[in-house]
Amino acid sequence: MSDKNAPAVHGSYRAAIDAFLHDRLQAKLDKLPLDDAKRSKLIAEYQRGPWLESAATRVKHIQAVTHSLKPIHSDARGTSLFVRPSDLPTLEVLGSHALGSRFDMDVVGTSASLDVFTLLRLEVNGRSLLQALIAKDTEALKALNDDPAKACILRDDLISLTAERKGGVSSHVCAKQLYWLTGDDANDDAQYQLIAPLYPTSLAQRVYEEVQDARFGEPNKLARQARRGGLRHDSVYREYRALAVQKLGGGNSQNLSKLNSERGGKNYLLSSLAPIWKARRNILPLRTESIFERSFGARRSVRAAVRRFQEHLSSGRPNNMHFRDRTDQLWERIVDELVVHAGELLFQPAGWTRDTAFEKLVEEEQLWLDPLRAELPEEADFRDRWLKMDWPEKIGSRFANWLNRELQDKLLDVGSDEAREWRRRLEEGGSIWEQHVPELRDRLNAINKTLLRKTHGELTQGLERA
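These notes cover the structure that comes with them.

Thresholds applied
- Residues numbered from 1 in each chain as written.
- Predicted model: local features only at pLDDT ≥ 70, side-chain atom pairs only at ≥ 80, totals over all residues.
- Heavy atoms only, no water.
- Helix = DSSP H or I, 4+ residues; strand = E, 2+ residues; numbered from the N terminus.
- Buried < 20%, exposed > 50% of the residue type's maximum accessible area, 1.4 Å probe, protein only.
- Contact = heavy atoms within 4.5 Å.
- Areas by Shrake-Rupley, 256 points an atom, 1.4 Å probe, with all protein chains shown as cover.
- Phe/Tyr/Trp six-rings, centres within 6.5 Å; stacked < 30°, edge-to-face > 60°.
- Lys NZ or Arg CZ within 6 Å of the ring centre and 35° of its normal.
- Axes fitted to C-alpha atoms, helices over the stretch in contact; angles between N-to-C directions.
- Parallel < 35°, antiparallel > 145°, perpendicular 65-115°, else oblique.
- Left-handed = near helix turned anticlockwise from the far one by under 90°.
- Nonpolar A, V, L, I, M, F, W, Y, C, P; charged D, E, K, R; others polar.
- 1 Å grid on protein atoms, 1.4 Å probe; cavity = no way out; pocket = protein on both sides within 12 Å on 5 of 7 lines; lining within 4 Å.
- Points joined across faces, edges and corners; volume = space filled by probe spheres on them.
- Salt bridge = Lys/Arg side-chain N within 4 Å of Asp/Glu carboxyl O.
- Expected span 1.5 Å × (residues − 1).
- Polar contact = N/O pair within 3.5 Å; in protein donor to acceptor, adjacent residues only side chain to side chain.
- Core = buried A, V, L, I, M, F, W, Y, C linked by side-chain atoms within 4.5 Å.

### Thoughts on the overall build of the protein chain
Logical step 1: The helix and strand inventory of the protein chain stands at 17 helices and 8 strands.
Logical step 2: Looking at the protein chain as a whole, 38% of its 466 residues are labelled buried.
Logical step 3: Excluding contacts between residues fewer than 6 apart, the proportion of contacts in the protein chain whose partners are at least 24 apart in sequence is 63%.
Logical step 4: For the protein chain, the computed accessible surface area is about 27,400 Å², with 51% contributed by carbon and sulfur atoms.

As structure tokens, then:
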């Protein structure tokens, strides 16, 4: 069980309990005058022995839960449940079972007894006092009382907050109840199962933490800034759109549960609207000589990257280190888009460029975009042309000319010198363009060696038979 709001970690359970009691006592003493008679009474109450005995008595007023009833209706008086997510059936849909062994345990009950739960959340070496007591940890038991018999009694009382309440489960008139048909005859009352939904408070806490981290966490904040600026970033950017916030508990969110109080009553609801279909352009270069004219150049992300590049080059800023660094970043963004587009086409069946719909595609782009065609047995000539490796230079020239044409809308003086620079950058700039070509070449060379060995073996067998 994880808990981001747990008290500070200490070296031993006894030290953790003593520090916990000292802090709570000091907070109360600070509010009293030095000559107040209540001070000595408070000091006596907050000694480890008396306070733990009081806690063992008060723990019956609270209950550990993973599924609570009050968020369904604040006046409901039925049963809440504590069920470890790892004990739940595994389903194909998202549910509390997905939390596994790492989950936030919630607590419901009298607010005056919630300090007992705070005690049980104290951690030593990543293990809470509650977990240690459930496991009958020797050090944790000694922290309760030096007398083993008394320690066991305290332990049994304290861990009872996770036990099922006496009297069995019950519902309430304010709770929701659904009759679910389990058979085929809707007229037969015996074929209905009564379902009483509970609020998955532990799962709601995990959702809340994930959304909070996506909205306000520093790593995602940096990723968001990079995305808005069109910059490369190493981490994944997360965004939850069309969120709704449900406030539970009214003016006193602690009335519902401990975790609800720590969230300030906020519970995030993910959008359940039907998706809006957006037609996607066909990524295949149908009936065209080059992908730069249609499938690649028409991509929204490519147009946006080129537009940012245009605006940067025409900004009139001084040609200093910061300007050149920004130029490199925007350039690499366009090259990244090029490699991503080529990577999408690699998922096409080997030999897709042989279809008549792509017969206009220039040879160098067929070699580039359909490299797996070279693995087909009948495509030895295609494989030989691929391995000559004269096509990357031609692709570089095509890319440079295309980019020049795109930039000339705002940069009229762009010409052959710039085209040579774009080509040089593509071929020598260390971009990810250079990464997939050597890998494919090694793969095809391995195929050639395999074919040669196979041919040699067949000739040897033929000679032996002769």
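### Regarding the packing of aromatic side chains
Logical step 1: As enumerated under the stated definition, the model contains 12 aromatic pairs in all.
Logical step 2: Centroid distance F292 to W368: 6.2 Å. Interplanar angle 20 degrees. Geometry classified as stacked. Of the two residues, F292 is situated in the loop between β8 (266-269) and α11 (300-313) and W368 in helix α13 (residues 363-369); the sequence distance between them amounts to 76 residues. The two residues F292 and W368 agree in class, both being buried.
Logical step 3: With 6.0 Å between their ring centres and 55 degrees between their planes, F292 and F399 make a pair best called tilted. Of this pair, F292 sits in the loop between β8 and α11 while F399 is found in helix α15 (residues 391-407), placing the two residues 107 residues apart along the sequence. With respect to burial, F292 and F399 carry one shared label: buried.
Logical step 4: Here a set of aromatic residues connected by ring pairs shows up, and it is made of F292, F296, W331, W368, F399 and W402.
Logical step 5: Over the ring of W51 we find R58, and its NZ or CZ is 5.5 Å from the ring centre.

### Some remarks on the packing of helix α3 (residues 48-58) against helix α7 (residues 148-158)
Logical step 1: It is at 8 Å that the axes of α3 and α7 come closest, and there the two elements cross at 40 degrees. When the interaxial angle is binned, α3 and α7 end up oblique. The crossing of α3 and α7 is left-handed. Residue-level contacts link L52, E53, A55 and A56 of α3 to L154, D157 and L158 of α7.
Logical step 2: A class-by-class count of the residues in the contact of α3 with α7 yields 5 nonpolar, no polar and 2 charged.

### Things to note about unusual backbone geometry
It is generally the case that most residues other than glycine have a negative phi and that most peptide bonds are trans.
Logical step 1: We note that A242 has phi near 55 degrees; this positive angle belongs to a residue other than glycine.
Logical step 2: Mapping A242 onto the fold places it in the loop between α9 (218-228) and β7 (244-247).
Logical step 3: Judged by relative accessible area, which is 53%, A242 ranks as exposed.
Logical step 4: Look at M389: it is not a glycine, yet its phi comes out positive at around 60 degrees.
Logical step 5: Counting through the fold element by element, M389 comes out in the loop between α14 (380-387) and α15.
Logical step 6: Taking the relative accessible area as the measure of exposure, M389 reaches 22% and is therefore partly exposed.

### Describing the layout of surface pockets
A probe matching the size of a water molecule, rolled over the atoms, marks out where space remains unfilled.
Logical step 1: Here the largest pocket defines a volume of roughly 480 Å³.
Logical step 2: If you go around the largest pocket, you meet 24 residues; those closest to its centre are P200, L203, A204, V207 and Y268.
Logical step 3: Counting only elements with at least two residues in the lining of the largest pocket, the list comes to α8 (201-216) and β8.
Logical step 4: Of the residues contributing to the lining of the largest pocket, the split by class is 18 nonpolar, 3 polar and 3 charged.

### Concerning the pattern of salt bridges
Opposite charge on two side chains makes pairing possible when the charged atoms of those side chains draw close.
Logical step 1: Within the structure shown, the criterion is met by 17 salt bridges.
Logical step 2: The partner of R299 in a salt bridge is E344, with the nearest N and O atoms 2.8 Å apart. Taken as a pair, R299 in the loop between β8 and α11 and E344 in helix α12 (residues 321-345) lie far apart in primary sequence, 45 residues in all. Across the pair, E344 and R299 agree in class, each one buried.
Logical step 3: Measuring nitrogen to oxygen at the nearest pair gives 3.1 Å for the salt bridge that ties E379 to R354. Of this pair, E379 sits in the loop between α13 and α14 while R354 sits in the loop between α12 and α13, and the two are 25 residues apart along the sequence.
Logical step 4: For E379, a relative accessible area of 9% puts it in the buried group.
Logical step 5: Accessibility expressed as a relative area gives 39% for R354, which makes it partly exposed.
Logical step 6: Among the ionic contacts, a cluster of salt bridges with common partners joins R354, R373, E378 and E379.

### Concerning the environment of Q246
Logical step 1: Locating Q246 in the fold gives a position in strand β7.
Logical step 2: Residues Q246 and L269, spaced 23 residues apart in sequence, show a C-alpha to C-alpha distance of 7.0 Å.
Logical step 3: Setting aside its immediate chain neighbours within four residues, Q246 contacts G265, K266, N267 and L269.

### Re the side chain of S202
Logical step 1: Inspection of the secondary structure puts S202 in helix α8.
Logical step 2: Beyond its immediate sequence surroundings of up to four residues, S202 is in contact with V65, T66, L99, F103, D104 and M105.

### Observations regarding α12
Logical step 1: End to end, α12 covers 37 Å across 25 residues, agreeing with the expected 36 Å (1.5 Å per residue, within 8%).
Logical step 2: Between the side-chain oxygen at the start of α12 and the backbone nitrogen of H322 there is a gap of 3.2 Å, and the oxygen is on N320.

### Focus: the nonpolar core
Logical step 1: Core analysis: the largest hydrophobic core is formed by 42 residues, its most contacted members being L133 and L161.
Logical step 2: Elements with a minimum of two residues in this core: α1 (13-29), α3, β1 (62-65), α4 (114-120), α5 (129-134), α6 (138-144) and α7.
Logical step 3: The dominant element in this core, judged by the number of residues it contributes, is α1, at 7 residues.
Logical step 4: Setting aside residues up to four positions removed in sequence, L133 forms contacts with L120, A140, L141, L144, R155, L158 and I159.

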